[in-house]
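# Analysis of the macromolecular model
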Amino acid sequence: MKIAVLGGTGRIGSQVVKKLRAAGHEAVPHSLSTGVDVITGQGLEEAVAGVDVVVNLTNSPTFDDASPAFFRTSMDNLLAAGRKGGAGHIVILSIVGVDQVPDLDYYRAKVLQEDILKAGPIPYSIVRATQFMDFMDSVLAWTTEGDTVHLPTTPIQPIAAQDVSDTVAEVAAGTPLNGTLDVAGPDVFPLDELGRITLNARPDGRTVVTDDTAGMFAAVQGDALIAKGNARIAPTHYTDYLA
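Residues numbered from 1 in each chain as written. Predicted model: local features only at pLDDT ≥ 70, side-chain atom pairs only at ≥ 80, totals over all residues. Heavy atoms only, no water.

Another aspect to go through is the packing of helix H1 (residues 11-22) against helix H6 (residues 161-172). Axes are the key here: two packed helices are described by the angle between their axes and the distance separating the axes. Where H1 meets H6, the closest approach of the two axes is 9 Å, and the angle between their N-to-C directions is 50 degrees. One element, H1, and the other, H6, form an angle in the oblique class. Note on packing geometry: the crossing formed by H1 with H6 is right-handed. Here Arg 11, Ile 12, Gln 15, Val 16, Lys 19 and Leu 20 of H1 come into contact with H6, specifically with Ala 161, Gln 162, Val 164, Ser 165, Asp 166, Val 168 and Ala 169. Tallied by class, residues from the contact of H1 with H6 come to 7 nonpolar, 3 polar and 3 charged. (Axes fitted to C-alpha atoms, helices over the stretch in contact; angles between N-to-C directions. Helix = DSSP H or I, 4+ residues; strand = E, 2+ residues; numbered from the N terminus. Parallel < 35°, antiparallel > 145°, perpendicular 65-115°, else oblique. Left-handed = near helix turned anticlockwise from the far one by under 90°. Contact = heavy atoms within 4.5 Å. Nonpolar A, V, L, I, M, F, W, Y, C, P; charged D, E, K, R; others polar.)

Structural data, given as structure tokens:
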């Protein structure tokens, strides 16, 4: 199949392109660096013209109240271009439990992205993943004060980016789900414990203090970000990732 991967030069997108090509598909990466802008529409129609599948991995540059506008505009532009170009399947990547965290602007924006896709004219698939293992260093940095990291006890089920890429590539090459597939890592940790495990493996002088008011994950209620039901459980454990 011919597959356009928007955001195809990023962390997940570049791996998705590699996996799809290895499976024999014609996967073409598109991004701002290749002249495709999902907000202005520059190069978008050309990028998706005649493709079988569009994988949209573009992301808002901010996590604040500007993010809904990014996802609304980008999805409106993408659906219009995809319909004109004859695409038969659109795939996006979202977040497990995203609709259970209404207090976060970015999560509300991702729900908006999902809703626009569902209401659109093109068959679709939504892959929802749990929090990326690769982002743990950023999570630690957000709430670091001197030599102390403040983290809540929010339950987290981290997944390796490689495992997310595997799932996105598989879904892109398959029949549209017209629904959602959840994929998650194999282990659940309180976020403060995950921080301690990370710093024990990569000591840098910081220590973790439990603080249920700290950072964006303090807005998460209960186990909202934990996969449930028929979620796919990925193979990579966090200790393996750290090693």
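Next comes the rest of the write-up.
All chains considered together, the criterion is met by 11 salt bridges. In this structure, Arg 128 engages Asp 99 in a salt bridge whose closest nitrogen and oxygen atoms are separated by 3.4 Å. Residue Arg 128 is found in strand E5 (residues 124-129), and its partner Asp 99 is found in the loop between strand E4 (90-95) and helix H4 (105-119); the two are separated by 29 residues along the sequence. Exposure remark for Asp 99: the relative accessible area of 42% places this residue in the partly exposed category. A salt bridge links Arg 196 to Asp 192; the nearest nitrogen and oxygen atoms lie 3.4 Å apart. Taken together, the positions of Arg 196 and Asp 192, both in helix H7 (residues 191-201) and 4 residues apart, correspond to about one turn of that helix. Arg 196 gets classed as partly exposed once you look at its relative accessible area, which sits at 32%. The exposure class of Asp 192 is buried, given its relative accessible area of 7%. The network of salt bridges with shared partners includes Asp 99, Glu 114 and Arg 128. (Salt bridge = Lys/Arg side-chain N within 4 Å of Asp/Glu carboxyl O. Buried < 20%, exposed > 50% of the residue type's maximum accessible area, 1.4 Å probe, protein only.)

Moving on, we get to the pairing of strand E3 (residues 53-56). Alternating residues of E3 divide into Val 53 and Val 55 and Val 54 and Asn 56, and every residue in both groups is buried. Here strand E1 (residues 2-6) runs beside E3; their pairing, made up of 4 bridges, is parallel. When the sheet's bridge partners are listed, Val 5 is paired in E3 with Val 55. In the sheet, E3 pairs with E4 via 3 bridges, with the strands oriented parallel. In the strand pairing of E4, Val 54 is matched with Ile 90. In this region the chain leaves E3, passes through helix H3 (residues 67-85) and returns to the parallel neighbour E4; the handedness of that crossover is right-handed. (Pairing = 2+ DSSP bridges. Right-handed = clockwise from strand over helix to strand, strands pointing away.)

Taken as a whole and judged by the stated rule, the model has 7 aromatic pairs. Seen in terms of ring centroids, Tyr 106 and Tyr 107 are 6.3 Å apart; in terms of plane orientation they differ by 70 degrees. Their pairing is edge-to-face. The rings of Phe 63, Phe 70, Phe 71, Tyr 106 and Tyr 107 are connected pair by pair, giving a single aromatic cluster. (Phe/Tyr/Trp six-rings, centres within 6.5 Å; stacked < 30°, edge-to-face > 60°.)

Let us look at unusual backbone geometry. The backbone of Asn 178 sits at a positive phi, close to 45 degrees, despite the residue not being glycine. With respect to the helices, strands and loops of the structure, Asn 178 is situated in the loop between H6 and strand E9 (180-184).

With that settled, the discussion passes to the sheet that holds strand E7 (residues 148-151). With respect to topology, 3 strands assemble into an open sheet ordered E6-E7-E11, the strand pairing being mixed. Single-partner strands in this sheet number two, and they are strand E6 (144-145) and strand E11 (207-210). Across 2 bridges, E6 lies against E7 in antiparallel orientation. Paired with Glu 145 across the two strands is Thr 148, which belongs to E7. Where H7 meets the sheet, its contacts fall on E7 and E11, and the angle it forms with E11 comes to roughly 170 degrees.

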